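Survey of secondary and tertiary structure
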Amino acid sequence: MELRQLLEILWRRRRLCCGLALGVLAGVLLLSVLVVPRYEATAKVLLYKSPSAATLLSTLGLRTATMPETVSDAEVANYKHIALSKPVVQTVTQELDLQRLRGRAIVLRMIPGASWLLPRLGLEGLLNATKPLQWDELGKKSALQFFMPRPYVDVSEDQDADLFTITVQSTDMAESVRIANAMARAFIDRDAELQREEYYRFGDTIEARIPLIKVEYERTLKEIQDFREQHGSISLDEEMVRLIAQISTVASERDEAGVQAERARAMLAESQRLLAATPRYAKVQEQVDRNPVVDSVKLTLRDLYLELANTRTLYTDQHPTVMDIQNRIKQARDIIQEESSRVFGGETLGQDPLYTELSQSAAQRTADVVGFEMQQQAYDQVLASLNNELLRFPALQTRYALLNLQYRRAEAYFQTLTDIRYQVETARAMAISNLRLVEAACIPPDITDYKQPDMVVQVALAIFLAGFLSLTGTFLREYLDPAVLRPDDAAAAAGAPCLAVLPAPSGGSFSTTGSSANSQRQALSALAAALAAPSLPMTAEHATDRLSLFPLDDEAAAALAAALLGQMLAEEQHRVLLVDLCLASPRLDTLLGAACAPGVADVLAGTAPLQTCLQRLPTEQAMLLAAGRLAPSQRMALSRNALAPMLDEAVQLARQADRTLCLLPALATTADGLRLTGVTGDVVLLASQGVTLRETLERAARDVRQAGGVVRGVILAQAPGGRAFPWPVRLRTLLRG
């Protein structure tokens, strides 16, 4: 569609376009004034893994040295969910006892004058009705937030700086600041709690074992004291001392493997707890438990640990044989980790970063648990073998050695558990968190910059919406309009070409003189040229070319078109006969400046001869047969049989007129014109732009053809007041200044 057509549409529907624009503009501005203002406060939290804290935890044995100290994308996304989780938001709502206005109170406050009237009527409680704010309402933005504001929290992230911005909106600036700072504190505390949960289970396991090992330690201490009191000191030979030292070393390593296994189980349980939120977890966990590869490697790993323990009795840790066994143990544990990682992360690897990271962590800790368990089983076999060797020594020495070993083992194990409990308690007291509050929310000096809605933004938004909706509504109305709007619409509906577009007269009055008549003559010039040329062949039924203008609803425009066409054909030296068949509303005599004389109605009624009814027009080549002067009560319906001979006689009397133009009555007022189309020659339909329905034009063209007439084309007349956009003149005016 060309720009000119778009401008014509906007100009034709300027009232609708301007009305929509003003209505939307006024509505948005009114809502901006009536809506309760909101104030925005922000607090910023930095996600940063402290190297000193990581080193301290690694020293305490609560974190492996291989754990990354940088922040991954998965952790950043996970932290955003933590910030708006129930424990964090619920802590804030309970700590600040947040309240929100009820919906009816907000509606009453928006009514002009209600805030002044209700307190004077003793109904102030209706304006201040509140209810507790639920935790899920604080972190969820409602569709009615603009009209019924309540405290709202949003957490955004800056991936480049690992910075979280906590934005709070509330109807009170001080409340926004309190909520933002409380959210930041609760966020940091929740992260510290989640960090501690990794070793809570480990600490609980250690706490449960300490009383048992303490009893064992006290029992072995008493037994060895009683033995010494009864038998005194017993000397052990060098071989037994070596064997006891070897048993003590293996037992210590076995106990250390047990502690490491408990630590790995605690970390694995935490990873499994996080993975449990994923529906795939139940399936993949079962696959890990029943995996044949993991089962076979477990047995291999146990044999390797057994071989390592036996080899250490012969060689030092630097011997190539010992180092080779250690390398094979590492390879076996890597195989278990790779297989577990394949099962855990095979379905979502590369799609869900958080799930991938958790699955890799679970796979690593699964390999650790398997390795330490197999190490314990291997050391149990070694200890059983060494204890059997110890039995070949004398009974008294063997008993003393066993009591001494049990005491030392219980003492070392008890001391180890006590140290671990101290480490766990130290870590709990540290409250380590990866989050730091870098910018607390505060009340700014000028709170208008943080007020919502911003009137400047609202005005810009109102202008944009007004323009967009007005244009959308205008073009949608144009698209859905069933009336004839363009020449293409008229041609498609009538099944004939659109011969001319008749501009609307200025001031709404039809006349054959003046500036508007000139533009109308120019619009009809193509039709006049077609009529003047022999392009409309004469039919066998008529001696001259006959053309009838058949208006569908606007007889005034049809009369103007007939008058202008008659003048233009006469100027082309054609003998023209104009016949006004609109008996109910004659207009041709007035438009052409002819006298009010008898006409068609009088001839058909027999009150006047045809010779006296023909009037010569100022243009000598044109003559007029007016509608007549009969009173409305005396007028009759036009008869096709009576009209045909009258038209033939009128042509003869009008100096053998070679062009006959008949103006038929409008289809909307009478059906006379439809019945006469077979007598009055070829038909040119006249439709009103924006008024005549396409369905009406299509039906009229079909009815004309069924009545025996020929539809030569359509004239599209613009209604008064609906003139097309005078774009050339207006555009030149705008460009000039």
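Residues numbered from 1 in each chain as written. Predicted model: local features only at pLDDT ≥ 70, side-chain atom pairs only at ≥ 80, totals over all residues. Heavy atoms only, no water.

The next thing to look at is the pairing of strand β15 (residues 711-718). With 7 of 8 residues buried, β15 is to be regarded as a mostly interior element. Sheet topology places strand β8 (residues 498-502) next to β15; 4 bridges connect them, and they run parallel. Its bridge partner lying in β15, Leu 502 is registered against Ala 717. Sheet analysis places strand β14 (residues 682-689) next to β15, joined by 7 bridges and oriented parallel. Across the sheet, Leu 685 pairs through a bridge with Val 714, a residue of β15. Following the chain from β14 across helix α26 (residues 694-706) to the adjacent parallel β15, one finds a crossover that is right-handed. (Buried < 20%, exposed > 50% of the residue type's maximum accessible area, 1.4 Å probe, protein only. Helix = DSSP H or I, 4+ residues; strand = E, 2+ residues; numbered from the N terminus. Pairing = 2+ DSSP bridges. Right-handed = clockwise from strand over helix to strand, strands pointing away.)

A few words now on the pairing of strand β9 (residues 545-551). Extensive coverage of β9 is indicated by the burial of 7 of its 7 residues. Across the two faces of β9 the burial is the same, with Asp 545, Leu 547, Leu 549 and Pro 551 and Arg 546, Ser 548 and Phe 550 all buried. Of the strand pairs in this sheet, β9 and strand β13 (residues 659-663) are connected by 5 bridges, and their pairing is parallel. Following the sheet pairing, Asp 545 is matched in β13 by Arg 659. Across 5 bridges, the pairing between β9 and β14 is parallel. Within the sheet, the bridge partner assigned to Phe 550 lies in β14 and is Leu 685.

What follows is about the packing of aromatic side chains. Inspection of every chain in the model, using the stated rule, returns 6 aromatic pairs. Residues Tyr 79 and Phe 187 carry aromatic rings whose centres are separated by 6.3 Å and whose planes lie at 70 degrees to one another, so their mutual orientation is edge-to-face. Residue Tyr 79 is found in helix α4 (residues 73-83), and its partner Phe 187 is found in helix α10 (residues 173-231); the two are separated by 108 residues along the sequence. Between Phe 164 and Phe 187, the aromatic rings sit 5.9 Å apart at their centres with planes inclined by 85 degrees, giving edge-to-face as the arrangement. Of the two residues, Phe 164 is situated in strand β5 (residues 163-170) and Phe 187 in helix α10; the sequence distance between them amounts to 23 residues. (Phe/Tyr/Trp six-rings, centres within 6.5 Å; stacked < 30°, edge-to-face > 60°.)

Right, let's get into a nonpolar patch on the surface. Judged by side-chain polarity, Leu 30, Val 33, Leu 34, Met 455, Val 459 and Ile 463 come together as a nonpolar surface patch covering roughly 520 Å² of accessible area. When residues of the nonpolar patch are traced back to their parent elements, those giving at least two are α2 (14-34) and α17 (455-480). Within the fold, Leu 30 resides in helix α2. (Patch = residues over 30% accessible without salt bridge, like charges linked within 9 Å, V, L, I, M, F, W, Y side chains within 5 Å. Areas by Shrake-Rupley, 256 points an atom, 1.4 Å probe, with all protein chains shown as cover. Salt bridge = Lys/Arg side-chain N within 4 Å of Asp/Glu carboxyl O.)

Glancing now at α2. Compared with an ideal rise of 1.5 Å per residue, which puts 21 residues at 30 Å, α2 spans 30 Å between its outermost C-alpha atoms and is within 8% of the ideal. For α2, the set of buried residues is Cys 17, Val 24, Val 28 and Ser 32. For α2, the arc enclosing every buried residue in end-on projection is 65 degrees, short of the 170-degree limit, so these residues lie on one face. What points out from α2, more than 90 degrees from its buried face, is the exposed set Arg 15, Leu 22, Leu 30 and Val 33. (Expected span 1.5 Å × (residues − 1). Arc of directions from axis to C-beta.)

Turning next to the packing of α2 against α17. For the pair α2 and α17, interaxial distance at closest approach is 8 Å and the crossing angle is 150 degrees. By the angle between their axes, α2 is roughly antiparallel relative to α17. α2 and α17 meet at a crossing whose hand is right-handed. In terms of residue class, the contact of α2 with α17 is built from 16 nonpolar, 5 polar and 1 charged. (Axes fitted to C-alpha atoms, helices over the stretch in contact; angles between N-to-C directions. Parallel < 35°, antiparallel > 145°, perpendicular 65-115°, else oblique. Left-handed = near helix turned anticlockwise from the far one by under 90°. Nonpolar A, V, L, I, M, F, W, Y, C, P; charged D, E, K, R; others polar.)

In the contact formed by helix α1 (residues 3-12) and α17, the axes pass within 10 Å of each other and the chain directions differ by 95 degrees. Comparing their axes, α17 and α1 come out roughly perpendicular. Judged by residue contacts, Leu 6, Ile 9, Leu 10 and Arg 12 of α1 engage Leu 471, Thr 474, Phe 475 and Glu 478 from α17. Tallied by class, residues from the contact of α1 with α17 come to 5 nonpolar, 1 polar and 2 charged. (Contact = heavy atoms within 4.5 Å.)

Turning to the confidence of the model for the chain, a few remarks are in order. Of all residues in the chain, 77% have pLDDT values of 70 or greater, and the mean over the chain is 75. For the stretch residues 346-351, pLDDT sits under 50, and the model shows 9 contacts to residues farther than four places along the chain or on other chains. Note that pLDDT drops below 50 for residues 722-737; the model gives that stretch 17 contacts with residues more than four away or on any other chain. (pLDDT = per-residue confidence, 0-100.)

Turning next to unusual backbone geometry. A positive phi angle is found at Asp 97, which is not glycine, with a value near 50 degrees. Relative to the helices and strands, Asp 97 is located in the loop between α5 (86-96) and β2 (99-101).

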